[in-house]
Amino acid sequence: MTLLHQRTGPLTRELLLEPGEFGLGKVPSSTKPDATTDMVCGYCSTGCSLRVHLKDGEATNLTPATEYPVNLGMACPKGWEALTVLDSPERATTPLLRDESGRMRPVEWDVAMTTFVDRFRAIQTEHGPHSVAFLSTGQIPTEEMAFLGALAKFGMGMLHGDGNTRQCMATSVVAYKQAFGFDAPPYTYADFEESDVIVLIGSNLCIAHPIMWERVMRNPHSPEIIVVDPRMTETAMNATQHLSLAPKSDQTLLYGIARILIENEWIDHEYIAAHTNDFDAFATYVQQFTDKRVTNKTGLSADQIHQFAKTIHEGKRVSFWWTMGVNQSHQGVRTAQAIINLALMTGNIGRPGTGANSITGQCNAMGSRLFSNTTNLLGGHDFTNAEHRDKIADILNIDARLIPTQNSLPYHQIIEGILREKIKGLWVICTNPAHSWINQSQCRDILDRLDFLVVQDMYHTTETARMADLVLPAAGWGEKEGTFINSERRIGVLKKVRKAPGQALSDFNIFKLVAHSWGCAEMFEDWTSPEAVFEILKRCSAGQPCDITGIDGYRQVEEVGGIQWPFAKCESVRVRGCEGQVASPSLSHSHTLAPSHPTERRLFEDGHFCHSDGRARFLYEDPRPLPERTTDRYPFVLLTGRGTASQWHTETRTRQSAILRKLAAAMPFVELNPQDAVKLGIRPNDHVTIASQRGRIRVKAILTQAVKPGQVFLAMHDELTNQLTHSAFDPYSHQPAYKACAVNISRD
Ligand SMILES: Nc1nc2c(c(=O)[nH]1)N[C@H]1C(S)=C(S)[C@@H](COP(=O)(O)OP(=O)(O)OC[C@H]3O[C@@H](n4cnc5c(=O)[nH]c(N)nc54)[C@H](O)[C@@H]3O)O[C@H]1N2
Ligand SMILES: Nc1nc2c(c(=O)[nH]1)N[C@H]1C(S)=C(S)[C@@H](COP(=O)(O)OP(=O)(O)OC[C@H]3O[C@@H](n4cnc5c(=O)[nH]c(N)nc54)[C@H](O)[C@@H]3O)O[C@H]1N2
Ligand code: SF4
Ligand SMILES: [Mo]
């Protein structure tokens, strides 16, 4: 192994990396050879636990863990195939550097690091420190996210860094912060089993969160299941009421429902008076959402709307759940808050089987929301707050002046910043924007303008890696350690059960290498291992609603089947197996443990929210017009989303498994209503062209009643889809509105 660049001192790989990084996986401490070890899945936010079977400390097979409170012995096809996708010729096994002729050439890590540092530093010298930015993810362990965020912002002087969670969760984050005072999804999965009315809005659990759907199926109360989705999804097919509303008319619908509940006195006056603000103004505001207005806008009948309201009223435990049909909208924040308003006004929050519950997407979306140092300072703190900066600087033992006093630009403004030549260098970690970002051709054109693009990924074949100047080969799930935080705020442990291929390193060790090469390793002296970082993050969380100071290391997280935040130290409550570790007195009001579910906890049980007055807020505003309306030329609304339970996002991982490939269609297809097909002369399986103002793509036509006339649906997994989508964003969360733009369709 050659020495790294002299500036970094005589550092060898052996000095920087864990022993065995290139050798066999380190045997998890709690396991024996030829034993099993449990770890959380690395795909979706459900956070199932998978039991990995080991031979000589290395994974040979896996089965779903049976005792874990999340999945109770179940897993979806992606989970079952999680190990298979690690072996692939597409894995990045050495750093790759683009040479003068434009070809990617394998290079040693020290060359990669020297180039990384020289190129980014040169850009910063010429264009200022903020001319280099990063885009990260909700799919690496919390400890790695925190390392990246701290390294980039405190060590390398960057101001701008955002994540793919902007594409996904930003709307919920802003909606919760404004309404509750903190980004706090209040539920626990037991709520799926304890509700008598389950309302799913823009959420296709059967495909996107199949094991959460299994939890719904275990509900013994024969619940009413109301699905609000323009499409007849697999979930809608299993609903007791399907409200197939016009795309993006949810806000109007929900205000109309609020009006009906108020008119009928179907609201909880006591709860509203004790725990909320601004209800009266809201009640006055929603009077204008008459049946006529709501039916016109949504295309639903008055009967459907009144039935929906009546079902909410009759339910004793009503839970409201939402996902991307709400978040990915030009008015996502206010729509999410319209859901929160219904839960607050009916007192359906803080009790078993209730809640205004945003379901997260990626395995560690919640970790990214709290600890990635992108949209907020480590531990849910605020970059613009001097006290917060001092607190974090003190914990990290750094000069507080190194912490930016401003927030980063959101993702789309980072992309615009490249176009405006303000941002010249970009480091992309564990995300694939050249496929997944909205209006893809424009995005690729913009990425192409960068002076230096670094992509850090498991595979060298991703659409973004193919555009990179430098590819850094990363270890993936199963090849490294850390923790993820799932949708119900449960922290779960990830372990190293396989060696990474070739010279690939864990993201953690890549960040360590970068810190040394950049010359800021001293700042991260205590960041020796993921578990050491977990201890630092615990301290950052102290006193916050996400306080986890009571967790006694990874071992305890494992022993008790994951631990939900908050979990601070206090005297009043005990968790089975965690004696002495309990919620802090200042927070215990909202975090009491339900005796029947010692491992399941929900927030706001005493109606105390995180705003300084302890009250939740009713927030509302006029619905906005669709950013791109249909016209004679583009008469269809294009909906996009998840296709099958076996496909994951841009398919870099899932396409590596022959089994998962078989479970999905071989060719991308569009779902089209048969009535429209007749009008257009399109027969089943015909090849068709779909065009928007941004692009044209060719796919196969599948005729199905699942989509209404005038609407078509494309799964997001094929790279073609985002060639059509329109760059429109929620004004508060800056989340892209992936789910509605205007297209036309014709037979080839
Ligand atoms: N198999 C699989 N599972 C996944 C993922 C995956 O890629 N594959 N990704 C994970 C991630 S990161 C996420 S964020 C989640 C996403 O999980 P979901 O949000 O459940 O999935 P989507 O299919 O994107 O969108 C849900 C539904 O929103 C509907 N919709 C579109 N427009 C509207 C509207 O205006 N109003 C309403 N009410 N509904 C609308 C769509 O028809 C779609 O059925 O899934 C996670 N789980
Ligand atoms: N049209 C349309 N577009 C959408 C959506 C939609 O509904 N419709 N949904 C949006 C949503 S919700 C999301 S979350 C995004 C997802 O969009 P992306 O984040 O771009 O999708 P992924 O395929 O998950 O990309 C993750 C990348 O990280 C790599 N990777 C996996 N594990 C590791 C690791 O441990 N380390 C490193 N360094 N790399 C790793 C994978 O190989 C992959 O290339 O897509 C968004 N795009
Ligand atoms: S439901 Fe999600 S967490 Fe569970 S096995 Fe499937 S992908 Fe993994
Ligand atoms: Mo997502």
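Please read all numbers here as calculations on a predicted model, not as lab measurements. Starting from 1, residues in each chain are numbered consecutively following that chain's sequence as written. For this description, chains carry letters from A and ligands carry numbers from 1, given in the order in which they are written. Local features in this predicted model are restricted to residues of pLDDT 70 or higher, and side-chain atom pairs are both shown and tallied only at a pLDDT of 80 or more, whereas totals for entire chains, interfaces and linings draw on every residue. Derived side-chain values reflect all non-hydrogen atoms in the structure, with water molecules and hydrogen atoms excluded from consideration.

> Explain the site of ligand 1 here, please?
Residues are classed as near a molecule or strand on a simple rule: at least one heavy atom within 4 Å of it. Taken together, 33 residues sit near ligand 1, with Ala208, Asp229, Lys248, Asp250 and Gln647 positioned nearest. What qualifies as a polar contact is a pair of N or O atoms within 3.5 Å, subject to a donor-acceptor requirement within protein and to the restriction that residues adjacent in sequence count only when both atoms come from side chains. Lys78 has a polar side-chain atom sitting 3.2 Å from a nitrogen atom of ligand 1. Between ligand 1 and the protein, one listed contact pairs an oxygen atom with a backbone N or O atom of Asn204 at 2.8 Å. Here ligand 1 has 910 Å² of accessible area as a free molecule, and 100% of this is covered by the chains. All accessible areas in this document rest on Shrake-Rupley with a 1.4 Å probe, and a residue is counted as covered only by the protein chains that are shown.

> Honestly, the pattern of salt bridges in this entry has me stumped. Any pointers?
Each salt bridge in this description consists of a side-chain nitrogen of Lys or Arg and a carboxyl oxygen of Asp or Glu lying within 4 Å of one another. Inspection of the entire model under this criterion finds 35 salt bridges. A salt bridge links Arg215 to Glu193, with the shortest nitrogen-to-oxygen separation between them at 2.4 Å. With Arg215 in helix 8 (residues 210-217) and Glu193 in helix 6 (residues 190-194), this residue pair connects regions lying 22 residues apart in the sequence. Burial classes follow relative accessibility: with a 1.4 Å probe on protein chains only, a residue under 20% of its type's maximum area counts as buried, one over 50% as exposed, and anything between as partly exposed. The class of Arg215 is buried, set by a relative accessible area of 3%. The class for Glu193 is buried, based on a relative accessible area of 15%. The shortest N-O distance in the salt bridge between Arg698 and Asp748 comes to 2.4 Å. With a gap of 50 residues between them, Arg698 in strand 24 (residues 696-703) and Asp748 in the segment after strand 26 (741-747) connect regions that are remote in the sequence. One network of salt bridges, in which partners are shared, links Asp191, Glu194, Arg602 and Glu605. Starting at the N terminus, helices and strands are each numbered in turn, a helix being any DSSP run of H or I of at least four residues and a strand any DSSP run of E of at least two.

> Can you walk me through the site of ligand 2 in this structure?
Near ligand 2 there are 34 residues, and of these Asn164, Ser436, Asp457, Asp507 and Thr650 occur at the shortest range. Between ligand 2 and the protein, one listed contact pairs an oxygen atom with a side-chain N or O atom of Ser436 at 2.6 Å. In the model, an oxygen atom of ligand 2 is placed 2.8 Å from a nitrogen or oxygen of the His649 side chain. In isolation ligand 2 offers 920 Å² of accessible surface; the protein chains occlude 99% of this area. Among the elements of the structure, strand 15 (452-457) and strand 21 (636-641) are those that each provide at least two residues to the shell around ligand 2. Split into classes, the residues belonging to the shell around ligand 2 amount to ten nonpolar, 18 polar and six charged. For this classification, Asp, Glu, Lys and Arg are treated as charged, while Ala, Val, Leu, Ile, Met, Phe, Trp, Tyr, Cys and Pro are nonpolar and the rest, including Gly, are polar.

> How do you make sense of the pairing of strand 18 (residues 490-496) when you look at a structure like this?
Working note: regular strand, side chains alternate between the two faces of the sheet. For strand 18, the tally of buried residues reaches seven of seven residues, placing the bulk of the element in the interior. Burial of strand 18 is two-sided: the residues Arg490, Gly492, Leu494 and Lys496 facing one way and the residues Ile491, Val493 and Lys495 facing the other way are all buried. Across five bridges, strand 17 (residues 479-485) lies against strand 18 in antiparallel orientation. From the neighbouring strand, Gly482 faces strand 18, where its bridge partner is Leu494. The antiparallel hairpin formed by strand 17 and strand 18 contains four residues in its connecting segment, where Arg489 sits at a positive phi of about 70 degrees. Relative to strand 19 (residues 563-564), strand 18 runs antiparallel, the two sharing two bridges. Along strand 19, the bridge assignment pairs Arg490 with Gln564. Whether two strands pair depends on DSSP finding at least two bridges between them.

> How do you make sense of the environment of Gly325 when you look at a structure like this?
Relative to the assigned elements, Gly325 resides in helix 15 (residues 324-327). Through-space distance from the C-alpha of Gly325 to that of Val228 is 9.0 Å; in sequence the pair is 97 residues apart. Apart from residues lying up to four places away in sequence, Gly325 is in contact with Gly202, Lys248 and Lys739. In this description, contact between two residues means that some pair of their heavy atoms is separated by no more than 4.5 Å.

> Sorry if this is basic, but what is going on with the sheet that holds strand 16 (residues 470-473) here?
Through backbone hydrogen bonds, the strands of a sheet pair up, either in parallel or in antiparallel fashion. The strand order 5-4-16-15-14-6-7 describes an open sheet built from seven strands, whose pairing is mixed. At either end of the open sheet lies a strand with only one pairing partner, and these are strand 5 (104-106) and strand 7 (161-163). Shown here is a sheet whose adjacent strand axes are inclined to one another by a mean of 15 degrees, direction ignored. One ladder, built from four bridges, connects strand 6 (residues 132-136) with strand 14 (residues 425-429); its direction is parallel. The residue bridging Leu135 from the neighbouring strand is Val428, located in strand 14. Lines fitted to C-alpha atoms define the axes here, with helix axes fitted over just the stretch in contact, and angles between the N-to-C directions of these axes take values from 0 to 180 degrees. In this fold helix 4 (residues 142-155) packs onto strand 6, strand 7 and strand 14, with an angle of close to 170 degrees to the strand it touches most, strand 6.

> So what exactly am I meant to see when it comes to the confidence of the model for the protein here?
In regions of low pLDDT, the predicted coordinates are not meant to be interpreted in detail. Of the residues in the protein, 92% reach a pLDDT of 70 or more, and the chain-wide mean stands at 93. What pLDDT expresses is the predictor's confidence in each residue, scored from 0 to 100. Scored below 50 in pLDDT, residues 22-27 shows 19 contacts in the model against residues more than four places distant or in partner chains. Segment residues 571-597 is flagged for pLDDT under 50; beyond a separation of four residues in sequence, or across chains, it makes 67 contacts in the model.

> Sorry, what's going on with the packing of aromatic side chains here?
The relation between two aromatic rings is expressed through the spacing of the ring centres and the mutual angle of the planes. Pairing of aromatic side chains here covers Phe, Tyr and the six-membered ring of Trp, requires ring centres within 6.5 Å, and sorts the geometry by plane angle: under 30 degrees stacked, over 60 edge-to-face, intermediate tilted. This structure, assessed with the given rule, holds 32 aromatic pairs. With 5.0 Å between their ring centres and 65 degrees between their planes, Phe180 and Phe604 make a pair best called edge-to-face. With Phe180 in helix 5 (residues 170-180) and Phe604 in the loop between strand 19 and strand 20 (616-617), this residue pair connects regions lying 424 residues apart in the sequence. According to the relative accessible area criterion, Phe180 is buried, its value standing at 0%. Since its relative accessible area comes to 1%, Phe604 is described here as buried. Site record: aromatic cluster; members linked through ring pairs are Phe116, Phe120, Phe147, Trp427, Phe452, Phe508, Phe511, Phe524 and Trp527. Of note, Arg334 hangs over the ring of Tyr732, and the distance from its end group to the ring centre comes to 4.2 Å. Note on geometry: a ring has a charge over it if NZ (lysine) or CZ (arginine) is within 6 Å of the ring centre and within 35 degrees of the ring normal.

> Even after reading the chapter, I still don't get the sheet that holds strand 2 (residues 49-55), so can you show me in this structure?
If you walk across this open sheet you meet the three strands as 1-2-3, and the pairing is antiparallel. For this open sheet the edge positions go to strand 1 (36-40) and strand 3 (58-64), each flanked by a neighbour on one side alone. Ignoring which end each strand starts from, the neighbouring axes of this sheet average 35 degrees apart. In this structure, strand 1 lies alongside strand 2, joined through five bridges in antiparallel fashion. The residue of strand 2 that forms the bridge with Thr36 is His53.

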